[in-house]
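Listed below are the residues making up each chain.
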Amino acid sequence: MASIFTKIVNGEIPSYKVAENDDFFAFLDINPNAAGHTLVIPKKEENKIFDLSKEEYAGLMDFSYRVAKALEKTVACERIGMSVIGLEVPHVHVHLIPISTMADMQFMKKQQLSNEEFIDLASRIAANFI
Ligand code: AMP
């Protein structure tokens with residue numbers, strides 16, 4: 001069965017898209033640690049990050065780098081934190097999180113955003129994506 005993230009890539013489930021190319025897709029996390037918390041995924045469904053080929057892994061990191069640069073330009077923060085967990089959704093995803101404190105990386109303190117705020121954030125990050 002297709003993962004929830006494959007359904008997002010295929011447009012069967014809506015998302016706040018930030019960036020996309022042939023192989024990768026980036027969108028806002030709907031339950032963000034901080035405003036701008038973005039997930040970067042390979043379109044090819046794989047459960048665990050280290051089951052990707054070296055080339056796929058390098059491609060994911062390259063795409064994540066570009067998304068992180070766009071995030072840094074868009075969201076006020078100390079830096080962009082990066083984490084890979086995958087215990088909830090078995091489809092590889094890199095968490096890119098604009099952080100200012102350690103608590104922002106702990107997946108406990110969550111930020112409430114309105115639909116309008118998500119749309120505005122995604123479009124501003126997308127505009128800074130090169
Ligand atoms: P984990 O698998 O533990 O790395 O966490 C999965 C992440 O995916 C969580 O931060 C969720 O908030 C996020 N998430 C789950 N479903 C969606 C969705 N439909 N759109 C955006 N983010 C999602």
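Note that the coordinates shown come from a computational prediction; the quantities given were computed from them, not determined experimentally.

A. Seen up close, the sheet that holds strand S4 (residues 79-83). Taken in spatial order, the five strands make up an open sheet running S1-S2-S3-S5-S4, and their pairing is antiparallel. Among the strands making up the open sheet, the edge pair consists of strand S1 (17-20) and S4. Direction aside, neighbouring strands of the sheet carry axes that sit 20 degrees apart on average. Relative to strand S5 (residues 94-99), S4 runs antiparallel, the two sharing five bridges. Residue pairing across strands places Ser83 opposite His95, the latter belonging to S5.

B. Broad picture of the side chain of Thr6. Among the structural elements, Thr6 can be located in helix H1 (residues 4-9). If sequence neighbours within four positions are ignored, Thr6 has contacts with Glu45 and His91.

C. Inspection of the site of the ligand at higher detail. Residues in contact with the ligand amount to 16 residues; listed here are only the nearest, Asp29, Gly86, Glu88, His93 and His95. At a separation of 2.9 Å, an oxygen atom of the ligand approaches a polar backbone atom of Gly86. The separation between an oxygen atom of the ligand and a polar side-chain atom of His93 is 2.6 Å. Relative to its unbound accessible surface of 500 Å², the ligand loses 89% to contact with the protein. Elements with a minimum of two residues in the shell around the ligand: H1 and strand S2 (24-28). Residue contributions to the shell around the ligand peak at three residues, all from H1. Looking at the shell around the ligand, its residues break down into ten nonpolar, four polar and two charged.

Basis of the calculations
- Residues numbered from 1 in each chain as written.
- Predicted model: local features only at pLDDT ≥ 70, side-chain atom pairs only at ≥ 80, totals over all residues.
- Heavy atoms only, no water.
- Pairing = 2+ DSSP bridges.
- Helix = DSSP H or I, 4+ residues; strand = E, 2+ residues; numbered from the N terminus.
- Axes fitted to C-alpha atoms, helices over the stretch in contact; angles between N-to-C directions.
- Contact = heavy atoms within 4.5 Å.
- Near = heavy atom within 4 Å.
- Polar contact = N/O pair within 3.5 Å; in protein donor to acceptor, adjacent residues only side chain to side chain.
- Areas by Shrake-Rupley, 256 points an atom, 1.4 Å probe, with all protein chains shown as cover.
- Nonpolar A, V, L, I, M, F, W, Y, C, P; charged D, E, K, R; others polar.

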